[in-house]
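# Geometric and topological summary
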Amino acid sequence: HKNTKYKIYNKVKNMKKVAFIFPGQGSQTIGMGKDFFENSDIAKEMISKASQRLDIDFEKLLFEENENLGKTEFTQPAILLVSSIASAILKEKCN
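By convention here, each chain's residues receive numbers from 1 onward along its written sequence. With the structure being a predicted model, the display of local features is reserved for residues of pLDDT at least 70 and the display and counting of side-chain atom pairs for 80 or more, all residues being used for whole-chain, interface and lining totals. With hydrogens and water stripped out, all remaining heavy atoms of the structure feed into the side-chain values.

### Points about the overall build of the protein chain
Convention followed: A run of H or I in DSSP counts as a helix once it spans at least four residues, and a run of E counts as a strand once it spans at least two, with each numbered from the N terminus. Burial status follows relative accessibility: with a 1.4 Å probe on protein chains alone, a residue under 20% of its type maximum counts as buried, one over 50% as exposed, and anything between as partly exposed.
In terms of regular secondary structure, the protein chain is built from 5 helices and 0 strands. Listed by position from the N terminus, the elements making up the protein chain come as α-α-α-α-α. Across the 95 residues that make up the protein chain, the buried fraction comes to 29%.

Written out as structure tokens, the structure reads:
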């Protein structure tokens, strides 16, 4: 699993143009982004900043059972946040 990540990083690093396709509403699930959060300072910082700016407790929303993750007003920023974290981590790994 870990070797696969490095192969992807190395392949992307050598590409001149890269496009990302991120999931949309309906793909949300409790626990999404938790691996990023547990293993990346970037993820921790982005979740903290988003929580402060939007006045949403993203740690609770993303990692604990709740009814809000299925509501559009929470789903959209949560998916955007986790997708942005994935992009930021990939960019960091490729530099």
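### Thoughts on the packing of aromatic side chains
Here is the rule: Stacked, edge-to-face and tilted are the three classes for Phe, Tyr and Trp ring pairs, Trp counted by its six-membered ring, which pair at centre distances within 6.5 Å; planes under 30 degrees apart are stacked, over 60 edge-to-face, the rest tilted.
Using the criterion set out here, one finds 1 aromatic pair in the structure. Measuring from centroid to centroid gives 5.3 Å for Phe37 and Phe63, while their planes differ by 45°, and the two rings are tilted. One end of the pair, Phe37, is in helix H2 (residues 34-39); the other, Phe63, is in helix H4 (residues 58-63), with 26 residues separating them in the sequence. You can call Phe37 buried: its relative accessible area is 16%. On the accessibility criterion, Phe63 (15% relative accessible area) is buried.

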